[in-house]
Amino acid sequence: MIINPSIEFSLPVILFSIIFLSGCGTDVKPLAETTPRVKYFEVGEQATGQSRRISGKLIAADTSVLSFSVSGTIEQVLVSRGDTVLQGQVLAVLDMEPLRLAVEQARAQLNIARAKVTETKQIYDRTVTLFNKRASSQAEVDTATANHAAARGNLKAAQSDLDRKQRDLSNAELTAPFAGTIAERNIDPFQETTVGQGAFLLQSSDALEVGVRIPETMIRDIDYGQRVQVTFPTIQGTSLTGVVSEIGSRVGAGNAFPVKIQLSASQTKLLPGMTASVTFNFNEYLEGSTVYLIPLAAIAIEFSMLRQAKESSSQVPQKTAPVFVIDDNYRLQVRDVVIGDLRGNQLEVYEGLEAGEKIVSAGVTFLHENMKVELWMPEQGLTDG
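Residues numbered from 1 in each chain as written. Predicted model: local features only at pLDDT ≥ 70, side-chain atom pairs only at ≥ 80, totals over all residues. Heavy atoms only, no water.

**Side note on the nonpolar core**
(1) Moving on: Membership of the largest hydrophobic core comes to 24 residues, with the highest contact counts inside it found for V210, I214, V230, F232, I261, L263 and F280.
(2) Moving on: Sorting the residues of this core by element identifies strand 3 (50-60), strand 12 (208-215), strand 13 (227-231), strand 14 (239-247), strand 15 (256-263) and strand 16 (275-282) as the ones contributing at least two each.
(3) Moving on: Setting aside residues no more than four positions away along its own chain, I214 makes contact with I54, I219, I222, N255, A256, F257, V259 and F280.
(4) Moving on: Membership of the second largest hydrophobic core comes to 22 residues, among which are L94, L99, A199 and F200. (Core = buried A, V, L, I, M, F, W, Y, C linked by side-chain atoms within 4.5 Å. Buried < 20%, exposed > 50% of the residue type's maximum accessible area, 1.4 Å probe, protein only. Helix = DSSP H or I, 4+ residues; strand = E, 2+ residues; numbered from the N terminus. Contact = heavy atoms within 4.5 Å.)

Right under this line is the structure:
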């Protein structure tokens, strides 16, 4: 059987021609616009006092960097990182021999100064006696007076030097100023240390605080002494009451203010550095305003972005957002509402809605203003549009 090649290559052309010709002269009827079914939310639930939960970390209420107040060579280090210590417990000791020698030298200098005071006092008394008998001059009296005064000054300096050397000797032992845990150890035996060089970081174990960072939108509602609830994700069943003990006056990273929560009780399982969850309750947050809660999904984000692209930012308030309100004729009307903070999956609305009004609560991306809709009610089916 012989196949004509020209027929083979013309088949696509023929098929295209048939399809094209079949469409010519035929009126294509546009598809009727369908009425979408929409989920709706009836405005009515009012917001009460606000509750916000913020994560933070446990920190020691008393934290101190310990260092020797005298330079020297470290002879002993008696604790390690993580050790629990008592108040007054010796943590490290310097080599005391050089300090003892310094005390002995200072004491010897003090004895010399005392002897000099005694000598100059005798010379002064003798010179004054001779002066009264007109056997010495006024200049000799003045010299004796000056020498005695200098000797007394040297005695005071020698006494101060001895006191300082004795204090240095007593500070050769570094002790814990309060009970706690050694968080850091930065020294070892036979190491030279200087005054003020950090040796240990001591954290109190019985006084803990929670450090949190409060957003600038909430800081106005935080007060000193405000009671909060603190829980710990890693320790189930542990809930403590705390009070706000410190409020930072300067904003930090992320436009947040540092706030400290003092815990009312201590738990042996709690350690500095653990994660804590702090719940703030703001009973006076709304200040008597009528505030409704609507689903977050009701906000027409795409519509808002499109409008902002066409209008200047000054024409649309920054604290408003558009929603689709369903009117009595089941048509959609875009309305800007004044919004507040999030409450989980709900959003506060301060102005723009009334109780009983219906708004679209899902699928707002595919809607537009003046669109005819039907209400979707799973129990009763569709309403009459």
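**Re the sheet that holds strand 7 (residues 90-94)**
(1) Moving on: Pairing is antiparallel in the open sheet, where four strands are placed in the order 8-7-5-10. Whereas interior strands pair on both sides, the edge strands pair on one side only; in this sheet they are strand 8 (173-175) and strand 10 (192-193).
(2) Moving on: Of the pairings in the sheet, the one linking strand 7 to strand 8 comprises three bridges and is antiparallel in character. When the bridges of strand 8 are listed, V93 appears paired with E173. (Pairing = 2+ DSSP bridges.)

**Focus: the pattern of salt bridges**
(1) Moving on: Applying the stated criterion across every chain, the model contains eight salt bridges.
(2) Moving on: One salt bridge connects K121 with D125, and the closest N-O pair in it is separated by 2.8 Å. With K121 and D125 both in helix 2 (residues 97-132) and four residues apart, this pair spans about one turn of that helix.
(3) Moving on: In this structure K121 comes out as partly exposed when scored by relative accessible area, which is 35%.
(4) Moving on: Note on D125: relative accessible area 33%, which makes it partly exposed.
(5) Moving on: We note a salt bridge from E246 to K260, for which the minimum N-O separation is 3.9 Å. A residue pair is termed long-range when its members are at least 10 positions apart, and E246 in strand 14 and K260 in strand 15 qualify at 14 residues.
(6) Moving on: Judged by relative accessible area, K260 falls into the partly exposed class, the value being 29%. (Salt bridge = Lys/Arg side-chain N within 4 Å of Asp/Glu carboxyl O.)

**Some thoughts on the sheet that holds strand 9 (residues 180-185)**
(1) Moving on: Taking strand neighbours across the sheet as the criterion, the four strands line up as 4-11-9-6 in an open arrangement whose pairing is antiparallel. At either margin of the open sheet sits one strand with a lone partner, and together these are strand 4 (63-67) and strand 6 (84-85).
(2) Moving on: Sheet topology places strand 9 next to strand 11 (residues 198-204); five bridges connect them, and they run antiparallel. Pairing of T181 across the sheet is with Q203, part of strand 11.

**Brief notes about unusual backbone geometry**
(1) Moving on: Positive phi values are uncommon outside glycine, yet R134 reaches one of about 60°.
(2) Moving on: As for its position among the elements, R134 is in the loop between helix 2 and helix 3 (138-170).
(3) Moving on: On the basis of relative accessibility, which here comes to 81%, the residue R134 falls in the exposed class.
(4) Moving on: Within the chain, F190 stands out as a residue other than glycine whose phi angle is a positive 70°.
(5) Moving on: Here F190 is to be found in the loop between strand 9 and strand 10.
(6) Moving on: For F190, a relative accessible area of 70% puts it in the exposed group.

**Brief notes about the side chain of S361**
(1) Moving on: Mapped onto the secondary structure, S361 falls in the loop between strand 21 (358-360) and strand 22 (374-377).
(2) Moving on: Residue classification places S361 among the buried positions, given a relative accessible area of 15%.
(3) Moving on: Ignoring anything within four residues of it in the chain, the contact list for S361 reads K39, Y40, F41, P295, A297 and A298.

**Observations concerning the environment of E173**
(1) Moving on: Turning to its location among the elements, E173 is positioned in strand 8.
(2) Moving on: For the pair E173 and F68, spaced 105 residues apart in sequence, the C-alpha separation works out to 8.1 Å.
(3) Moving on: When sequence neighbours within four positions are dropped, the list of residues in contact with E173 reads F68, V90, A92, V93 and M96.

**Some words on helix 2**
(1) Moving on: Compared with the 52 Å implied by 1.5 Å per residue over 36 residues, the 53 Å span of helix 2 between its first and last C-alpha is a close match.
(2) Moving on: When we look at burial in helix 2, the residues that qualify are L99, A102, V103, A106, L110, A113, V117, T120 and T127.
(3) Moving on: Those residues of helix 2 that are buried lie in contact with helix 3.
(4) Moving on: Directly after helix 2, the chain includes R134, whose backbone phi takes a positive value near 60°. (Expected span 1.5 Å × (residues − 1).)

**Some thoughts on the side chain of E357**
(1) Moving on: Relative to the elements of secondary structure, E357 occurs in the loop between strand 20 (346-351) and strand 21.
(2) Moving on: Of the polar contacts made by the side chain of E357, one reaches the backbone nitrogen of E354; its length is 2.9 Å. (Polar contact = N/O pair within 3.5 Å; in protein donor to acceptor, adjacent residues only side chain to side chain.)

**Details of the confidence of the model for the protein chain**
(1) Moving on: Averaged over every residue, the pLDDT of the protein chain is 82; residues scoring 70 or more account for 80%.
(2) Moving on: Confidence drops under a pLDDT of 50 for residues 313-317, and excluding neighbours within four residues, the segment shows two contacts in the predicted structure.
(3) Moving on: Segment residues 380-385: pLDDT under 50, and 13 contacts once partners within four positions in sequence are set aside and those in other chains are kept. (pLDDT = per-residue confidence, 0-100.)

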